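Overview (structure and organization)
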Amino acid sequence: MTASDPKDDLHFYLQSARDALLWKLEGLSEYDVRRPLTPTGTNLLGLVKHAASVELGYLGDTFGRPSGEPLPWLDDGAEPNADMWVPADESRKQIVELYRRAWAHADATIDALPLETVGRVPWWPTGRDEVTLHHAVVRVISDTHRHAGHADILRELMDGAVGMNEGNTSMPTDDSAWWADYRDRLERAARDADSAG
């Protein structure tokens, strides 16, 4: 077995999370990609907008490589959580294209710099703002996979679509009767544990 290139490994896991996050938008209406599905307003297109902002910040600005992308939702004075939702005057296409440009910019940073390169995170406190490129990439991978997991749950609640992508559900079966029985068994186990406790 030959060792793989660390940048290739990092890029593979980053790209798989990016792809999963965008796949969750496919086939949904404008309403469904934007509607808040949790008490804190979590929504699919907002997750994509946030992920784009994170990549541009950690894998751009942090290493002195600003993208030039206008991100008014991150400006001083912007409302809290403005990067987590998409108003009607911002289209799905705009947000998806922004995310793809963020990928290209982030990938160019990863390609251009050694993983040991030290950058400064502009929004972290002075004196605790240094980070290596390796750390920043791992942070972005973690954040993107976390939000892809949020998107998994939101999409499953909407229409039952599950998995990493259309060709890889990672599920043992697509038999709805099996899943109904499985869920019922889990519900019984939870109730039994609660009764026993």
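What comes next concerns the included structure. (Residues numbered from 1 in each chain as written. Predicted model: local features only at pLDDT ≥ 70, side-chain atom pairs only at ≥ 80, totals over all residues. Heavy atoms only, no water.)

**Re the nonpolar core**
Ranked by size, the top nonpolar core spans 26 residues in total, and within it Leu21, Leu22, Leu25, Leu44, Val48 and Tyr99 carry the most contacts. Of all the secondary structure elements, the ones that give two or more residues to this core are α1 (6–23), α3 (44–58), α4 (92–112) and α5 (133–159). Among the elements that line this core, the one with the most residues is α3, at seven residues. Excluding its chain neighbours within four sequence positions, the residues that come into contact with Leu22 are Val48, Val96, Tyr99, Arg100 and Trp103. (Core = buried A, V, L, I, M, F, W, Y, C linked by side-chain atoms within 4.5 Å. Buried < 20%, exposed > 50% of the residue type's maximum accessible area, 1.4 Å probe, protein only. Helix = DSSP H or I, 4+ residues; strand = E, 2+ residues; numbered from the N terminus. Contact = heavy atoms within 4.5 Å.)

**Here we look at the environment of Glu156**
Relative to the helices and strands, Glu156 resides in helix α5. Look at Glu156 and you get partly exposed, because its relative accessible area is 44%. With 19 residues separating them along the chain, Glu156 and Val137 place their C-alpha atoms 28 Å apart. Here Glu156 is in contact with Ala161 and Val162, once residues within four sequence places are set aside.

**Section: the packing of α1 against α5**
Look at α1 against α5: their axes get within 9 Å of each other, and the N-to-C directions meet at 25°. When the axis of α1 is compared with that of α5, the two are roughly parallel. Two packed elements cross with a definite hand, and for α1 against α5 that hand is left-handed. From α1, Leu10, Tyr13, Leu14, Ser16, Ala17, Arg18, Ala20, Leu21 and Trp23 reach across to α5, where they touch His134, Val137, Val138, Val140, Ile141, Thr144, His145, His147, Ala148, Ala151 and Arg155. (Axes fitted to C-alpha atoms, helices over the stretch in contact; angles between N-to-C directions. Parallel < 35°, antiparallel > 145°, perpendicular 65-115°, else oblique. Left-handed = near helix turned anticlockwise from the far one by under 90°.)

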